[in-house]
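If you want the building blocks of each chain, they are given just below.
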Amino acid sequence: MRVLFVNPHYPHDPFTLLLHPPLCYAYMSTHLKAAGHEVRHADLPFLGNTLDALGPILADYRPDLVGVTSVAQSYCQALEIAAAVKNSGVDAKVVFGGPHVTFLPTECLTRHADVDYVLLYDAEQSIVELCAAIGPGRAEEAALRKVSGLAFRTDAGSVALTPPAPPLMALDELGRPDRSIFDLAPYLAYDYETVVMTARGCPSRCTFCSTTIAGRKPRWNSPVHVVDEMEEVAELGFQSIFFGDDTFSGDPKRAIAISAEIRARGLDLPWTSNMRAQDAKPAVLEAMREAGAYRVFMGFESIQKATLRLIKKGATPERMIEKARLVMDAGLELHASFIIGAPGDTDETLAATLDYIRLLNPTVATFNVMEPRPGTDVFSRPEQYGIEIPDRYWYESTGWLYEPVCRTTTLTSTQIRDWVDQCYMEFCSPDFRAPERLATLDDATSQWRSSGLVEPVAG
Ligand code: B12
Ligand code: SF4
């Protein structure tokens, strides 16, 4: 069968963002090709960022199956792609997958006639099963029922859901992603860094994160497998790596072993990774830096103890500061990420957040609004978080681009958006860490400490 994977366009200029080869397709390609199928990939952001490029590709390749990935923010564009396929005159089935539709398979098929199938969770094996069930000829319901983790329309018109296969624990058995499906030249021209995944799942259970459910149990690639892939991407021309794992160092022994393997092979390639605060330990950080790590990304989310407890972050603001210091003392840069408009945020707590960040002194900071994503507790039970979501189907339009999709009992969505702008403006201003601002910090922080918003920070 001929499979075409399409990476959705963006509803805005994509060249303000990181753009990486989508590894979901590369992993599935490894398995599809091994089963004898043909795979092509179209990355719309690099093809004019519109649907116009799709028609000629469909006409030329005439795929049997078109696969489209999406996160909540790209679902709208994924749906446009499905419609374009169905209107193209090419007789192709459309399958959706990825971290958004995994939680809405029935809703997706009920509301969107252009989507034929949804594959849930990891799909390396199930997409091969789907190809076997579909072709050649018409997909029979009995055959579809044998595909794992598949949502499809039955002959009677209802949506059926088959049970997903248990997650593969021996991750190395998935093999390496097939990057030969990508035209790498535009990616290399755009960014010297690329993504490598070395684990799936996360041991944490943050209630705003869909990995909590999708990840189930964390699974790890072995150090040899990881460093083999690092060498491969270096040979392809990338000069730096972002380990996109939810938590690269969730298994500290493995993080140290990967670092030792990098050094043993004399691989000179800078890299960066996500890290949970609880995993920041001096021995791990030291080993990582010696093996080429230059920065870690850490989700701080909030400076309020009660909020961190509510969202099950598993950390306190004081502990986060301690961990941040360990990171920086180990000679690594810190990328700190915050949720603006988290439960309980007010003008006062957000002003205090900026002071906290002055104390923290990260190299990079990102400010995200609370986005209630399907599959999360925040989406299912917003009232528990003091959040209102005026449009439950917010991911079916691009309104989120202009206005946060929820408001809290303490802040309107406009106030949240203004605070995000202000946080970026202040953080990027040369005055942010000016000595006179820092000099006033003790007073300011003592105010928010004594207000009970956070507990005293040691030192
Ligand atoms: C790398 C990455 C990016 C990169 C590039 C993404 C890309 N083109 O690959 C960049 C930096 C651009 C990025 C941006 C964003 N990202 Co991002 N990103 C990731 C990250 C770290 C790794 C993705 C990856 O390669 N995974 C490895 C592959 C193998 O796993 P996978 O993608 O899940 O794919 C498997 C299955 O899901 C399924 N599958 C996936 N797609 C498809 C498609 C079909 C047809 C089928 C059948 C199956 C299938 O099969 C695959 C193989 O098993 C994930 C975290 C994670 N752990 O996955 C977050 C993640 C996907 N990102 C996320 C978010 C929120 C964003 C942003 C919105 C962030 C922001 N605020 O701007 C933007 C959105 C950009 C956009 N509009 O698309 C969330 C999505 C949550 C959600 N439920 O929607 C994730 C899950 C992080 C998280 N834990 O919250 N991201
Ligand atoms: S630590 Fe990160 S990836 Fe893990 S559940 Fe929390 S937010 Fe999600």
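Cut-offs applied
Residues numbered from 1 in each chain as written. Chains lettered and ligands numbered in written order. Predicted model: local features only at pLDDT ≥ 70, side-chain atom pairs only at ≥ 80, totals over all residues. Heavy atoms only, no water. Near = heavy atom within 4 Å. Nonpolar A, V, L, I, M, F, W, Y, C, P; charged D, E, K, R; others polar. Helix = DSSP H or I, 4+ residues; strand = E, 2+ residues; numbered from the N terminus. Buried < 20%, exposed > 50% of the residue type's maximum accessible area, 1.4 Å probe, protein only. Lys, Arg positive; Asp, Glu negative; His and termini not counted. Salt bridge = Lys/Arg side-chain N within 4 Å of Asp/Glu carboxyl O. Phe/Tyr/Trp six-rings, centres within 6.5 Å; stacked < 30°, edge-to-face > 60°. Lys NZ or Arg CZ within 6 Å of the ring centre and 35° of its normal. Axes fitted to C-alpha atoms, helices over the stretch in contact; angles between N-to-C directions. Parallel < 35°, antiparallel > 145°, perpendicular 65-115°, else oblique. Left-handed = near helix turned anticlockwise from the far one by under 90°. Contact = heavy atoms within 4.5 Å. 1 Å grid on protein atoms, 1.4 Å probe; cavity = no way out; pocket = protein on both sides within 12 Å on 5 of 7 lines; lining within 4 Å. Points joined across faces, edges and corners; volume = space filled by probe spheres on them. Domains from an automatic or database assignment. Buried area = accessible area lost by both parts, 1.4 Å probe. Polar contact = N/O pair within 3.5 Å; in protein donor to acceptor, adjacent residues only side chain to side chain.

Another point: the site of ligand 2. Near ligand 2 lie eight residues; those nearest to it are Cys202, Ser204, Cys206, Cys209 and Asp246. Here the shell around ligand 2 is composed, by residue class, of four nonpolar, two polar and two charged.

In this structure, Lys323 sits in helix H13 (residues 317-329). The buried charged residue Lys323 lacks any salt bridge, with Glu322 as its nearest oppositely charged partner at 6.5 Å.

Glancing now at the pattern of salt bridges. Following the criterion strictly, the structure yields 30 salt bridges and no others. In this structure, Glu141 engages Arg145 in a salt bridge whose closest nitrogen and oxygen atoms are separated by 2.9 Å. On the basis of relative accessible area, Glu141 is assigned to the buried category, the value being 17%. Each member of the salt-bridge network shares a partner with another, and the members are Asp122, Glu124, Arg200 and Arg219.

This next bit is on the packing of aromatic side chains. Enumeration according to the criterion identifies 20 aromatic pairs in this entry. Note on Phe182 and Tyr187: the rings are 6.0 Å apart at their centroids and 75° apart in plane angle, and the pair reads as edge-to-face. Of the two residues examined, Phe182 and Tyr187, each falls in the buried class. It is Arg111 that lies over the ring of Tyr393; its NZ or CZ is 3.6 Å from the centre. The ring of Phe248 is capped by Arg254, whose NZ or CZ atom sits 5.5 Å from the centre of that ring.

Helix-helix packing is described using two parameters, namely the angle between the two axes and the distance between the axes. Where H13 meets helix H14 (residues 347-360), the closest approach of the two axes is 10 Å, and the angle between their N-to-C directions is 30°. Taken together, the axis directions place H13 and H14 in an arrangement best described as roughly parallel. Here the hand of the crossing between H13 and H14 comes out right-handed. The residues of H14 that touch H13, namely those facing Pro317, Met320, Ile321, Ala324 and Met328, are Tyr356, Leu359 and Leu360. The residue inventory of the contact of H13 with H14, partitioned by class, reads eight nonpolar, no polar and no charged.

Turning our attention to the layout of surface pockets. Considering only enclosed or pocket space, the second largest pocket measures out at about 260 Å³ in volume. Taken together, 17 residues make up the lining of the second largest pocket; nearest its centre are Asp122, Gln125, Ala165, Pro166 and Leu168. For the lining of the second largest pocket, the element with the highest residue contribution is helix H5 (residues 124-134), accounting for four residues. In the lining of the second largest pocket, the residues fall into eight nonpolar, four polar and five charged.

The subject of this paragraph is the domain arrangement of the protein. Domain parsing of the protein yields domain 1 (2-161) and domain 2 (192-450). Summed over both partners, the interface of domain 1 with domain 2 buries about 2100 Å², with 58% contributed by carbon and sulfur atoms. A per-residue breakdown of the area domain 1 buries against domain 2 is headed by His20, Gln73 and Phe103, which together make up 27% of the total. Linking domain 1 to domain 2 there are five salt bridges. Inspection of the region where domain 1 meets domain 2 yields nine residue pairs in polar contact (both at pLDDT 80 or more). Contributing elements (two or more residues each) for the side of domain 1 that touches domain 2: helix H1 (23-34), helix H3 (75-86) and helix H4 (105-111).

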